[in-house]
Amino acid sequence: MKTVLRRVLVPLVAVLAGLLPGVVAVDQAAALTKMTHSQATAIFRAAGITWSSSGGCSDWNIPTCTSFTNINDSTVYGVRTLKQASGCAVNITGGTEVGHASGTYSHRNGYKVDISVYTCVSNYIRNTFTRIADRGDGAQQWRSGAGNIYANEGNHWDITYYNCGGC
C-alpha cells in the first residue's frame, strides 16, 4: 500500500503544489524496482508497444541491441502510460544497452528510453506537455505534468522517466 501511495499521491501532490520535478524524482528513486528484459517485454507486448534494434538483438552489452535489462519499473509503466494516453503507436529503439550518455538519470540506469518519431506521438507530446528550455545539446524539450522529460533528438524522442506518469 505504501508503494502505491508513493507512486500515485506523491507525484500528484507535487504537481498540484507546483514543486519541481526534481523533488518528485528524488522521492520516486527510493521506490524503484528493476525489471528483467523478459518482464519488460511482456508488459510492452501486452500494451501493444513495439521495440526494434539496428542489431536485431537484446544484449545490454552491445550498443546496436535494444535491451531492457535492469530497466526501472517506472520507465516501463511510463511508456505504457504514454501509449494509453496518446492512443499512438509507440516503438522503442533504445533502452538500457551500452552506448548512451552516462549519468544518474541515464539509459543504463534504467531511467530512459528512445522511441521512434511518429507524427501521432510527436503531436501528442508537443500539444499535451509544456515546452521547456532546450537541452545543453540543443534538443528541444517538453515536460509532462508528472515531471518526465521528452527531448526531441531529431531522429528519435529521448524520454527520461522519473515516475510512471500516473500509472
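Overview of the structure. (Residues numbered from 1 in each chain as written. Predicted model: local features only at pLDDT ≥ 70, side-chain atom pairs only at ≥ 80, totals over all residues. Heavy atoms only, no water.)

For the rest of this paragraph, the subject is the pattern of salt bridges. What the rule picks out here adds up to 5 salt bridges. Between Asp134 and Arg131 there is a salt bridge whose closest N-O contact spans 2.8 Å. The residue Glu153 makes a salt bridge to Arg135 at a minimum N-O spacing of 2.5 Å. Taken as a pair, Glu153 in the loop between β8 (149-152) and β9 (156-160) and Arg135 in the loop between β6 (130-132) and β7 (140-143) lie far apart in primary sequence, 18 residues in all. Among the charged side chains, a salt-bridge network with shared partners connects Lys112, Arg135, Asp137, Glu153 and Asp158. (Salt bridge = Lys/Arg side-chain N within 4 Å of Asp/Glu carboxyl O. Helix = DSSP H or I, 4+ residues; strand = E, 2+ residues; numbered from the N terminus.)

Of all hydrophobic cores here, the largest spans 26 residues; its most connected members are Ile115 and Tyr150. Among the secondary structure elements, those contributing two or more residues to this core are α3 (37-47), α4 (73-86), β5 (112-116), α5 (119-128) and β9. Take this core: its biggest share by element is 4 residues, from α4. Filtering out sequence-adjacent residues up to four positions away, Tyr150 remains in contact with Leu82, Ile125, Phe129, Gln140, Gln141, Trp142, Ser144, Trp157, Asp158, Ile159 and Tyr161. (Core = buried A, V, L, I, M, F, W, Y, C linked by side-chain atoms within 4.5 Å. Buried < 20%, exposed > 50% of the residue type's maximum accessible area, 1.4 Å probe, protein only. Contact = heavy atoms within 4.5 Å.)

Applying the stated rule across the entire model yields 2 disulfides. Each sulfur of the disulfide joining Cys57 and Cys65 lies 1.9 Å from the other. Classification of the bridge connecting Cys57 and Cys65 rests on its S-S torsion, roughly -100 degrees, and on that basis the disulfide is left-handed. Classification of Cys57 by relative accessible area gives partly exposed; the value is 27%. The partner cysteine of Cys88 in its disulfide is Cys120, sulfur to sulfur 2.0 Å. Handedness here is read from the sign of the S-S torsion; for Cys88 and Cys120, about -70 degrees, the answer is left-handed. (Disulfide = S-S within 2.5 Å.)

With respect to the helices and strands, Gly147 occurs in the loop between β7 and β8. Residues Gly147 and Thr130, spaced 17 residues apart in sequence, show a C-alpha to C-alpha distance of 9.8 Å.

One ladder, built from 2 bridges, connects strand β2 (residues 50-51) with strand β4 (residues 91-94); its direction is parallel. By the bridge assignment for β4, Thr50 is matched with Asn91. With 2 bridges joining them, β4 and β5 adopt antiparallel strand pairing. Paired with Ile92 across the two strands is Ile115, which belongs to β5. (Pairing = 2+ DSSP bridges.)

This part is about unusual backbone geometry. A positive phi angle, close to 65 degrees, is found at Asn70, a residue other than glycine. Positionally, Asn70 belongs in the loop between β2 and β3 (71-72).

The subject of this paragraph is the packing of aromatic side chains. Counted according to the given criterion, the structure contains 9 aromatic pairs. Arranged with centres 5.0 Å apart and planes meeting at 70 degrees, the rings of Phe44 and Phe68 form a pair that is edge-to-face. Of this pair, Phe44 sits in helix α3 while Phe68 sits in the loop between β2 and β3, and the two are 24 residues apart along the sequence. One exposure class covers both Phe44 and Phe68, and it is buried. (Phe/Tyr/Trp six-rings, centres within 6.5 Å; stacked < 30°, edge-to-face > 60°.)

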